[in-house]
Amino acid sequence: VFTQISDTLAPLRDAIAETLNRRSMDFRKLHPEAHGALKGVAIGDLMDAVPQPLFGPNSTMRELGRAFAQHQHESFYVCGEDRTLEGVVTMTDWMRALSRGATPGTPVAEVMARHPVSLNLEDDGATAANLIREHRIKNLPVVKCRGNRQLVGCLRTRHLMAHVFSRIERQSHA
């Protein structure tokens, strides 16, 4: 009985823990040099193309597993019509779903994280750094605008870091 109650309450526990663990310190104050290097830099200048393949909500765990095996991506996006972002599935999500009884035929919609945190093309690099820090994620989907959530790219933390180091290094040599 306790195991069933614990399993049922696990998502609530995880959501509360995540909320409590979010970073409260302002990125701008914590790392002013990095903030300055990212402020005003267009997301379009920092993002990568959408990782392929894209999956639909009815794609299966088998298809997703094959993609993880064939590509070097840490996550894949789940989209509806017109590339409307519906969710994201990480390798960890995929493995966790299998350990909880998902079958090769289980639809991706059952294991994806719905309504993922995202950036839009109007955001800047400093906004991206704040979201990455607050939510502790490595990759952010980029949507055309929050209204239609049409997926247009992906921002990787590594590219944000590379931009900051490059900009700071150029400033120190000037």
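Keep in mind the model is a prediction, meaning the values are calculated, not measured. (Residues numbered from 1 in each chain as written. Predicted model: local features only at pLDDT ≥ 70, side-chain atom pairs only at ≥ 80, totals over all residues. Heavy atoms only, no water.)

On average, residues of the protein score 88 in pLDDT, and 90% of them are at 70 or above. Here helix α2 (residues 27-30) stands out as the element of the protein with the lowest mean pLDDT, 66, in contrast to helix α5 (residues 61-70), whose mean of 97 is the highest. (pLDDT = per-residue confidence, 0-100. Helix = DSSP H or I, 4+ residues; strand = E, 2+ residues; numbered from the N terminus.)

Membership of the largest hydrophobic core comes to 17 residues, with the highest contact counts inside it found for L38, I43, L119, A128, L140, L155 and L160. Breaking this core down by element, the ones donating at least two residues are α3 (32-38), α4 (43-46), α7 (125-135), β5 (139-143) and α8 (157-173). Top contributing element to this core by residue count: α7, with five residues. Core analysis: the next-biggest nonpolar cluster, separate from the first, contains 15 residues, F55, W94, A102 and V111 among them. (Core = buried A, V, L, I, M, F, W, Y, C linked by side-chain atoms within 4.5 Å. Buried < 20%, exposed > 50% of the residue type's maximum accessible area, 1.4 Å probe, protein only.)

Now for the pattern of salt bridges. Evaluated as defined, the whole model comprises four salt bridges. A salt bridge links R156 to D48, with the shortest nitrogen-to-oxygen separation between them at 3.0 Å. On the criterion of sequence distance, the pair formed by R156 in strand β6 (residues 151-156) and D48 in the loop between α4 and α5 is long-range, its members being 108 residues apart. Between R96 and D93 there is a salt bridge, and its shortest N-O distance comes to 3.9 Å. (Salt bridge = Lys/Arg side-chain N within 4 Å of Asp/Glu carboxyl O.)

Where burial is concerned, most of β5 is hidden: five out of the five residues are buried. Neither face of β5 is exposed, since N139, P141 and V143 on one face and L140 and V142 on the opposite face are all buried. The sheet contact formed by strand β4 (residues 119-120) and β5 spans two bridges and is parallel. Bridge assignment links L119 to a residue of β5, and that residue is V142. Pairing between β5 and β6: five bridges, direction antiparallel. (Pairing = 2+ DSSP bridges.)

It is worth spelling out the side chain of S118 at this point. Here S118 is to be found in the loop between β3 (113-114) and β4. According to the relative accessible area criterion, S118 is buried, its value standing at 7%. Side-chain polar atoms of S118 contact the side chain of R149, separated by 3.0 Å. Among all residues touching S118, those that are not within four sequence positions of it are L85, L131, P141, V143, R146 and R149. (Polar contact = N/O pair within 3.5 Å; in protein donor to acceptor, adjacent residues only side chain to side chain. Contact = heavy atoms within 4.5 Å.)

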